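If you want the building blocks of each chain, they are given just below.
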Amino acid sequence: TEDNLTEFAKAAGIPDLDAFRLAMTSAETEKAVTDAKTEAYNLGITGTPFMFIGEAYISGYRDLKFVRATVESQAEALK
């Protein structure tokens, strides 16, 4: 929610919370978020976490063993 994001901003030390709230709710910010969401969906990203590793991608949580194997296989493919 807007209130939650404002609280995060406050906790992060943003000095001008009114300016933050104004920027957060502006039409420009809304368009940027919508455009980024559309681009993400076009790339196949449907949630977080999401990682591109070389030509591979990992969608959703994966354990360290899976991530390491993906990194190693992508590194091997570059040789």
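Sequence positions are assigned chain by chain, starting from 1 and proceeding in written order. The predicted origin of the model limits local features to residues at a pLDDT of at least 70 and limits the giving and counting of side-chain atom pairs to 80 or more, whereas totals for whole chains, interfaces and linings rest on all residues. Excluding hydrogens and water, the side-chain figures rest on all heavy atoms present in the structure.

1. Considering the packing of helix α1 (residues 2-11) against helix α2 (residues 17-24)
Okay, so step 1: Lines fitted to C-alpha atoms define the axes here, with helix axes fitted over just the stretch in contact, and angles between the N-to-C directions of these axes take values from 0 to 180 degrees. By the criteria applied, helices consist of DSSP H or I runs no shorter than four residues and strands consist of E runs no shorter than two, each listed in order from the N terminus. Between α1 and α2, the shortest axis-to-axis distance is 10 Å and the interhelical angle comes to 135 degrees. In terms of their interaxial angle, α1 and α2 are classed as oblique. When you trace α1 past α2, the crossing you get is right-handed. Only L17, F20, R21 and M24 of α2 make contact with α1, whose side of the interface consists of E2, D3, L5, T6, A9 and K10.
Okay, so step 2: Of the residues in the contact of α1 with α2, the class split is 5 nonpolar, 1 polar and 4 charged. Orientation categories follow fixed angle ranges, with anything under 35 degrees roughly parallel, anything over 145 roughly antiparallel, 65 to 115 roughly perpendicular, and all other angles oblique. Take the far helix as your reference; a near helix turned counterclockwise from it by less than a right angle gives a left-handed crossing, and one turned clockwise gives a right-handed crossing. Should any heavy atoms of two residues lie within 4.5 Å, those residues are considered in contact. Note on residue categories: nonpolar means Ala, Val, Leu, Ile, Met, Phe, Trp, Tyr, Cys or Pro, charged means Asp, Glu, Lys or Arg, and polar means any other residue, Gly included.

2. Side note on the pairing of strand β2 (residues 56-59)
Okay, so step 1: Side chains of β2 alternate between two faces, with A56 and I58 buried and Y57 and S59 left unburied.
Okay, so step 2: Two elements, strand β1 (residues 50-53) and β2, share 4 bridges in a ladder whose sense is antiparallel. Across the sheet, F50 pairs through a bridge with S59, a residue of β2.
Okay, so step 3: Between any two strands, at least two bridges found by DSSP are needed for them to pair. As consecutive antiparallel partners, β1 and β2 are separated by 2 residues, and within that stretch G54 has a phi angle of approximately 60 degrees, a positive value. Using a 1.4 Å probe on the protein chains alone, a residue whose accessible area is under 20% of its type maximum counts as buried, one over 50% counts as exposed, and one in between counts as partly exposed.

3. Quick word on the environment of T25
Okay, so step 1: Checked against the element boundaries, T25 lands in the loop between α2 and α3 (27-43).
Okay, so step 2: Since its relative accessible area comes to 39%, T25 is described here as partly exposed.
Okay, so step 3: Along the primary structure T25 and A36 are separated by 11 residues, whereas in three dimensions their C-alpha atoms are 16 Å apart.

4. A closer look at the side chain of Q74
Okay, so step 1: Take Q74: it is sitting in helix α4 (residues 64-77).
Okay, so step 2: Its relative accessible area of 18% is what places Q74 among the buried residues.
Okay, so step 3: Whenever a nitrogen or oxygen atom comes within 3.5 Å of another N or O atom, the pair is scored as a polar contact, on the condition that within protein one atom can donate a hydrogen and the other can accept it, and that pairs from neighbouring residues in sequence are kept only if both atoms are in side chains. Of note is the side chain of Q74, whose polar atom sits 2.7 Å from the backbone nitrogen of E55.
Okay, so step 4: Other than its neighbours up to four places away in sequence, Q74 contacts I53, G54, E55 and A56.

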